[in-house]
Amino acid sequence: MFSRIMIPVDLAHAGRLEKALKVAADLARHYEAELVYVGVTTNEPSSVAHTPQEFKQKLAAFAETQADTHGVRGRAHVITSHDPAVELDEGLIQASEDLKADLVVMATHIPNLSDRIWSSHGGTLAKQADASVFLVRGE
Amino acid sequence: MADTSDSQGIPEPEGTAGLIETDYEIGQDNVEGSLGPIGFDIHNPVFAISGLAVIAFVFYTLALPEQAGAAFSWLFTQVTQGFDWFFLGAANIFVLFCLLLIVTPLGSVRLGGADATPDYTYVGWFAMLFAAGMGIGLMFYGVSEPLTHFSTALGGTSVEEGARTDWAPLGAAAGSEAEAVRLGFAATIFHWGLHPWAIYAVVALSLALFTYNKGLPLTIRSAFYPIFGERVWGWVGHVIDTLAVFATLFGLATSLGLGATQANAGLYELFGIPVGETTEVILISAITGVALISVLRGLDGGVKILSELNMGLAALLLLFVLFVGPTVAILTGFVDYLWAYIEYLPALANPVGREDVNFMQGWTSFYWAWWISWSPFVGMFIARVSRGRTVREFLVCVLLIPSLVCVLWMAVFGGTAVQQVIRDGYTAAQDAELPIQLFRMLDALPLAGITSFIGIVLVIVFFVTSSDSGSLVIDTITAGGKVDAPVPQRVFWCIFEGAIAIVLLLSAGGLQSLQSMVISTGLPFTVVLLLMCWTIFRGLQQERRV
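Remember, predicted model here, so these are calculated numbers, not experimental data.

Our next topic: the overall build of chain B. What chain B contains, in helices and strands, is 20 helices and four strands. In terms of overall dimensions, chain B is globule-like: its C-alpha atoms have a radius of gyration of 23 Å, near the 24 Å expected for 546 residues. In chain B, which comprises 546 residues, the share counted as buried stands at 63%. When contacts within chain B are restricted to residue pairs at least 6 apart in sequence, long-range pairs at least 24 apart make up 81% of them. For chain B, the computed accessible surface area is about 18,600 Å², with 66% contributed by carbon and sulfur atoms. Here chain B holds 20 positive side-chain charges and 41 negative ones, and the gap between their average locations is 9 Å.

For the rest of this paragraph, the subject is the side chain of B:Q262. Residue and element names in this part refer to chain B. Checked against the element boundaries, Q262 lands in helix 11 (residues 235-271). Here Q262 falls in the buried class, since its relative accessible area comes to 0%. Discounting residues that sit within four places of it in the chain, Q262 has contacts with M139, F140, P435, L438, F439 and V459.

All names here are of chain B. Considering the arrangement of structural elements, one finds H149 in helix 7 (residues 144-155). Residue classification places H149 among the buried positions, given a relative accessible area of 0%. For H149 and T526, which are 377 residues apart along the polypeptide, the C-alpha to C-alpha distance reads 26 Å. Those residues in contact with H149 that sit more than four places away from it in its chain are P169, G184, A187, T188, H191, F359 and W363.

A word on the nonpolar core. Within the largest apolar cluster, 187 residues are counted, with the highest numbers of intra-cluster contacts made by B:I220, B:F413 and B:M441. Considering each element in turn, this core owes the most residues, 17 residues, to helix 14 (residues 357-384) of chain B. Ignoring anything within four residues of it in the chain, the contact list for B:I220 reads B:V203, B:L207, B:I240, B:D241, B:A244, B:P376, B:M380, B:I477, B:F525, B:V528 and B:M532. Core analysis: the next-biggest nonpolar cluster, separate from the first, contains 26 residues, A:F2, A:L21, A:A33 and A:L35 among them.

Further remarks concern the packing of helix 12 (residues 277-324) of chain B against helix 19 (residues 487-506) of chain B. Residue and element names in this part refer to chain B. The contact between helix 12 and helix 19 brings their axes to 10 Å, and the two run at 165°. The orientation of helix 12 relative to helix 19 falls into the category roughly antiparallel. Where helix 12 crosses over helix 19, the handedness of that crossing is right-handed. Contacts from E277, E280, V281, I284, S285, T288, A291, L292, V295, L296 and G298 of helix 12 reach helix 19 at V487, R490, V491, C494, I495, G498, A501, I502, L505 and L506. Each residue belonging to the contact of helix 12 with helix 19 can be placed in one class, and the counts come to 14 nonpolar, four polar and three charged.

Moving on: the pairing of strand 3 (residues 73-80) of chain A. Residues and elements named next belong to chain A. As judged from the eight bridges shared by strand 2 (residues 34-41) and strand 3, these two strands associate in the parallel manner. Considered in strand 3, the bridge of V40 is made with I79. Taken together, strand 2, helix 2 (residues 52-70) and strand 3 constitute a β-α-β crossover, and its handedness is right-handed.

Moving on: the pattern of salt bridges. Residues and elements named next belong to chain B. Under the counting rule described, the total for this entry stands at 20 salt bridges over all chains. Ionic pairing is found between R387 and D119, a salt bridge with its closest N-O pair at 2.9 Å. Taken together, the positions of R387 in the loop between helix 14 and helix 15 (391-424) and D119 in the loop between helix 4 (84-103) and helix 5 (122-133) put the pair 268 residues apart, joining distant regions of the chain.

So, how was this worked out
Residues numbered from 1 in each chain as written. Chains lettered and ligands numbered in written order. Predicted model: local features only at pLDDT ≥ 70, side-chain atom pairs only at ≥ 80, totals over all residues. Heavy atoms only, no water. Helix = DSSP H or I, 4+ residues; strand = E, 2+ residues; numbered from the N terminus. Rg over C-alpha atoms; globule rule 2.2 N^0.38 Å. Buried < 20%, exposed > 50% of the residue type's maximum accessible area, 1.4 Å probe, protein only. Contact = heavy atoms within 4.5 Å. Areas by Shrake-Rupley, 256 points an atom, 1.4 Å probe, with all protein chains shown as cover. Lys, Arg positive; Asp, Glu negative; His and termini not counted. Charge placed at Lys NZ, Arg CZ, Asp CG, Glu CD. Core = buried A, V, L, I, M, F, W, Y, C linked by side-chain atoms within 4.5 Å. Axes fitted to C-alpha atoms, helices over the stretch in contact; angles between N-to-C directions. Parallel < 35°, antiparallel > 145°, perpendicular 65-115°, else oblique. Left-handed = near helix turned anticlockwise from the far one by under 90°. Nonpolar A, V, L, I, M, F, W, Y, C, P; charged D, E, K, R; others polar. Pairing = 2+ DSSP bridges. Right-handed = clockwise from strand over helix to strand, strands pointing away. Salt bridge = Lys/Arg side-chain N within 4 Å of Asp/Glu carboxyl O.

This is the structure in structure tokens:
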């Protein structure tokens, strides 16, 4: 049913992604799909990496560790953004199209008041992306 | 696969670059959390100190207006008069330093690594650095400054008790209209040409170099790593960054105040909308609202689009005035004024032994302090959009091209106004209050209604581009160099800037207090900039030249 599953990954908060990572891996195994771990970086140094190249290395390492742990086919895909605080949703939607992902599995928070005004990143993806979107709420 | 970055060091950016290995992790001093539904990620203590100190300043100005007014007036005089030589000397050093880098092999270092490619096209890049750098100032002073210097120069000198009491530049040009025009324009171009852009270029270059080539956070303190080492992440750095936030906030609020008064004056001229506090408050609120939308749309979706729109509108207005105004006089004037600038430059830039103290302290010294206090904001913004350029390309584009555009702008707008006085005897612009002078000049040209309207739109959009890019910059500094801090923080700073401008505009002498704060933060920041020249030199020496 699904041949390529995309999972957006925030390496600065990787600890909060456990549930979504497991769901994505389970689905990838079930459908024998490829799992693509997508990370967004800037050209400016960040809390995760000093350079975009370091970010690429870290994401690749993360993807490989995850794929090995869960026994799935996995790889990394990096998006470079000028202004990720604002351009994140657009970048992820574009990535889902570029990667031809047919399912996006994404960690998200339990909705609060501000989500009634501004959608969460996951909410925006569910509204706007062509791919199916599976939002995994935090604990 | 193991994380190779630890065992092999930090991977270089695109191509070879002299990365600095540090244990400091960006955001390690930040406080992350949420206030209700609103998330935040702020640097401790830069965010708190900056925010609280600014609030304290606003309360002081409002609670004790007379005392504050006297204190700020004293401060203003002390700084512009006592340190005039320092501002002038330092600005000369910045120009020479930039020119030197252009011609030495260090100019071939590429920002972002030897193989980096530019993030923005020339048009987008140039539009953004220009809109952030001069914006409202050009609209505000484009007509009035050449007119003022022309008038004072023509008026000659006057001396009381051995000291000059006139405001003419240098030795004035009493009785010679032609020379008064040349001197007037030379003085204006001096204030808007190489020197201010060299100030911006120093800050922008140091930030771009230490961020994109050295891998340090995008904050002012990073440029001081070669001097302070790891201590730069402690209190030394906190002070530098806090100072940068002050300078940016006060500089922006001053600009917003100037922009509001000019937009209000224009709206009165055009639609008869009354000039007053109510209109100005509505204007600042509405424009801050537009800036908010721009901030929420981000660097590419908001700031860049508005900057390009502004460039287009400004070019249209410039071409209109050029062709409808005294075209031949403007074009010959452009060359003549440029030559006059070169001719008078050594005397105008001389920091000691000057007789024209009023001009030197009241104009030049104040301008230099103002540009310097704006430099963290404009510099960081320019740095953020300049990755991928070589140092030489960067300096030529940041230093020389904007200077030439400023000369052209002044030649067209100021030149038309001066020609109106000399040739037509039309003195409405000369006699008007400062914010209205642009509109009075346009009045004497055809289609005044349309051009004045475009003028107001330009003031407003320049206002928006300053406010939104300023919010981005302050947010980045107060988030410890993180460019992906939660968006509500930008919203906070954007509203905060607007609120400061409104509160101080409503208080007696508010704008003067702001200007005093602007130049007072400019003084310590001059030291910061001088040190930056040295750290840039050291930093560039470690880079591979392409």
